[in-house]
Amino acid sequence: MSLSPVTIIWAGVFCLLGIGLYGLLAVRNLIKVIVALQILVKMAMLSLVAASYSVDKLALGQSLAVMVMVADTIVAVIGLALAVQVQQRLGTLDISELSRLRK
Amino acid sequence: MTIPPFIWCIVLLWGLTPAIYLLGRIGQQRDESPGSPIARWAALAAMLAAWIPLGMAITSFADGPARYTLGAMALEFDGLALLLSVLAMALGTLAVIYSIGYMAGSDDEEKFYAMLVAMIGAIVGLGCATDLFNMWVWFEAMAITSYLLVAFYHEQPGALEAGVKYLVQSAAGSMLILLGIALVLLQTGTLDLSEIHAAAVTSPALLSAGGLFLIGFGVKAALVPVHTWLPDAHSQAPTGVSALLSGVVIEAGLFALLRVITALANVTSDWGVLLMGFGALNMLIGNLMALRQTRIKRLLAFSSLVHIGYMLLGFGAAIYTGTLTGAQGAMFHVFNHGLMKSLAFMAAGCFLYVLHAAHSDHSALVADDLYGAAGRYPFAALAFSIALLSLGGLPPLAGFMSKWQIFVACFNSGNAWISGLAVFGALNSVLSLGYYAPLINRMYRKAPSAVIENGPESLPLSMLVPLGLMALAIVMIGVWPVLLDWLSMPSGLALMAALSG
């Protein structure tokens, strides 16, 4: 069995999904959490483009991916802005510290 | 093609958002004091202006759902959209009026109102979306505006923690939704919800897509294993926003979930069972967690979990058995819960306002601060009591009527398991009085606490007017439940129509 490009792309999608979810669960640094979120975003964009390529609607997939870029940039900006605030107010970026400081 | 009025409602809300911000900014530079009076009145004017097209959309609703197509994008004002937009606009307007007094003089007031109005616009749009990806965009717009509102008090550690938690969970959830959308596109070749309904057959890819939607939208709708952001976010946000988050935003997530699940109805018949299972879990965990809380806003946030449980029970029974009564009852409960929970949050916000005025810091309101509140603030205490009793499901208040309708629908299904779940729900309703009743007892039967004694002489009128209106609505709906048939009937019918394709 030869690997078609689409199979490789889907394998990439699930690898990125695994890496992203692992990162969200394992990492304690807020910046790294946002990086893990960005890996999930790339997974989503890749899957949309791959799916639309398979059903022969590439233009649709690409326009969806552009839209996802716009939305996720805003989310990343807000996440980083929160990280800046956390660092300034609490002096740490560790998210387990964050829940401890609340009390 | 003429543009139907509901489009103007969204356009007005989104178009006026930058205007509110800019006007507020200009007004602020002129008088140098913190806060921005112009932004308040501009936000109120924007909300009232958006009622005009919404009113036109409601009156023309009887002629059939209005539809607007722009290129590949279609928006439709069907029954679900009707309920969600009326709820969002009603609570949004009241929250803006409430915030005029509550937020007066705080920093960044203009940003607060601009985000609030934009969030309401996004919710109205979310209700109208007929296309999976379009729905995701509205959903994301709603999420982004609510992140900013949750982390509004960004000098406080609590609000920052809530904002980070909410952003990370919600953003991860929406990426899972996108993966689900890609799987649906791969299998059916379309993103239109009714075309998906026609093209969907049982397949592993669509089953996993459904699972991804359940997790992704479930984060926003606070299904139990993924609810952990909710108590923090709802208790740390400014009160007007807490009222909207609990009353509308989680319901908007639920509606989005219902839309995709009904579109995937042909994939498996077990969606209803899943919803009912999550419903039972939500009721139990929500109640047990709420019983342990001493902070009022956190307690109310956990009580939202319980009420999402009742809605899931009604919707699950309706989807599983295909009966209208369950859907109609759950829709009725969505509206009632919006009213009750917003009233509870806003009334609790009155006491929080008193606490801040007495201590001038941002400490949380705990149950013991409520001692003897009825003596000094009889109106707010009465409104809070009405909201709590209605949430606990005591007749003749609105909360009783909608719970009753959901339980009746469950018993009518004739299925022993569903009837058992209804009994479980009723027992949970009794259990919930275990944390509502002591609050009322504290307000009416004890000597005033230090906070109440040091509080201001009276509360601002703009905070009391929404309380009065909502308390009146809860009593009226409780006595005449048919008053809301014009909302619950078409939305229930729309859900059933989407289910059968």
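Preceding this section is the structure that the text describes.
Computed from a predicted model, the values in this text were never measured in an experiment.

Student: Please explain the overall build of chain B as it appears in this structure.
Tutor: Of the regular secondary structure elements, chain B holds 20 helices and 2 strands. In terms of overall size, chain B behaves like a compact globule, its C-alpha atoms giving a radius of gyration of 22 Å where 501 residues would be expected to give roughly 23 Å. Across chain B, every contact between residues at least 6 apart in sequence was considered, and the portion connecting residues at least 24 apart equals 81%. Summing over all exposed atoms, chain B offers an accessible surface of approximately 16000 Å²; the carbon and sulfur share of this is 68%. With 18 positive and 24 negative side-chain charges, chain B shows a spacing of 8 Å between the two charge centroids.

Student: When you look at the packing of aromatic side chains in this model, what are you seeing that I'm missing?
Tutor: Geometry of an aromatic ring pair is reported as the spacing of the ring centres plus the angle between the planes. Residues and elements named next belong to chain B. On inspection of all chains with the given rule, the structure shows 18 aromatic pairs over all chains. Their ring planes at 80° and their centres at 6.2 Å tell us that F61 and F77 sit as a pair that is edge-to-face. Linking F61 in the loop between α2 (37-59) and β1 (66-70) with F77 in strand β2 (residues 73-77), this pair joins segments that are 16 residues apart in sequence. Feature note: the residues F112, Y113, F152 and Y153 constitute an aromatic cluster, connected by ring pairs. Stacked on the ring of F139, the Lys or Arg K220 has its end atom at 4.9 Å from the ring centre.

Student: So what exactly am I meant to see when it comes to unusual backbone geometry here?
Tutor: If a residue is not glycine, its phi is most likely negative; likewise, a peptide bond is most likely trans. Cis geometry marks the peptide bond from P395 of chain B to P396 of chain B; its omega dihedral reads 0°. Positive phi, normally seen in glycine, also occurs at D56 of chain A, with a value near 65°. Along the polypeptide, D56 of chain A turns up in the loop between α2 (30-54) and α3 (58-90). Classification of D56 of chain A as exposed rests on a relative accessible area of 72%.

Student: Would you take a moment to explain the interface of chain B and chain A for this structure?
Tutor: You'll often see interface size given as the accessible area lost when the parts meet. Contacts between the two partners involve 34 residues from chain B, matched on the other side by 37 residues from chain A. Taken together, both faces of the contact between chain B and chain A bury some 3100 Å²; the carbon and sulfur share is 86%. Of all residues in chain B, E161, M175 and L179 of chain B bury the most surface against chain A, accounting for 17% of the area lost on that side. Our count for the chain B to chain A interface comes out at 0 salt bridges. In this assembly, chain B and chain A are joined by 2 residue pairs in polar contact (both at pLDDT 80 or more). Within the residue set of the side of chain B that touches chain A, elements represented by two or more residues are α5 (132-150) and α6 (157-188) of chain B.

Student: Would you mind showing me how to read the environment of M115 of chain B here?
Tutor: Residues and elements named next belong to chain B. Along the chain, the position of M115 falls in helix α4 (residues 109-128). On a C-alpha basis, the gap between M115 and P18 in space is 9.4 Å, while along the polypeptide they are 97 residues apart. Ignoring sequence-local partners within four residues, the contact set of M115 consists of T145, L148 and L149.

Student: Would you explain the nonpolar core in this entry?
Tutor: Side chains of a nonpolar character, in soluble globular proteins, are inclined to be buried together. If you look at the biggest cluster of nonpolar residues, it comprises 233 residues, and the most contacted ones within it are L132, F213, F315, F351 and F384 of chain B. Leaving out residues up to four positions away in the same chain, L132 of chain B has contacts with I181, V184, L191, L193, I196, F213 and V260 of chain B.

Parameters and conventions
- Residues numbered from 1 in each chain as written.
- Chains lettered and ligands numbered in written order.
- Predicted model: local features only at pLDDT ≥ 70, side-chain atom pairs only at ≥ 80, totals over all residues.
- Heavy atoms only, no water.
- Helix = DSSP H or I, 4+ residues; strand = E, 2+ residues; numbered from the N terminus.
- Rg over C-alpha atoms; globule rule 2.2 N^0.38 Å.
- Contact = heavy atoms within 4.5 Å.
- Areas by Shrake-Rupley, 256 points an atom, 1.4 Å probe, with all protein chains shown as cover.
- Lys, Arg positive; Asp, Glu negative; His and termini not counted.
- Charge placed at Lys NZ, Arg CZ, Asp CG, Glu CD.
- Phe/Tyr/Trp six-rings, centres within 6.5 Å; stacked < 30°, edge-to-face > 60°.
- Lys NZ or Arg CZ within 6 Å of the ring centre and 35° of its normal.
- Buried < 20%, exposed > 50% of the residue type's maximum accessible area, 1.4 Å probe, protein only.
- Buried area = accessible area lost by both parts, 1.4 Å probe.
- Salt bridge = Lys/Arg side-chain N within 4 Å of Asp/Glu carboxyl O.
- Polar contact = N/O pair within 3.5 Å; in protein donor to acceptor, adjacent residues only side chain to side chain.
- Core = buried A, V, L, I, M, F, W, Y, C linked by side-chain atoms within 4.5 Å.

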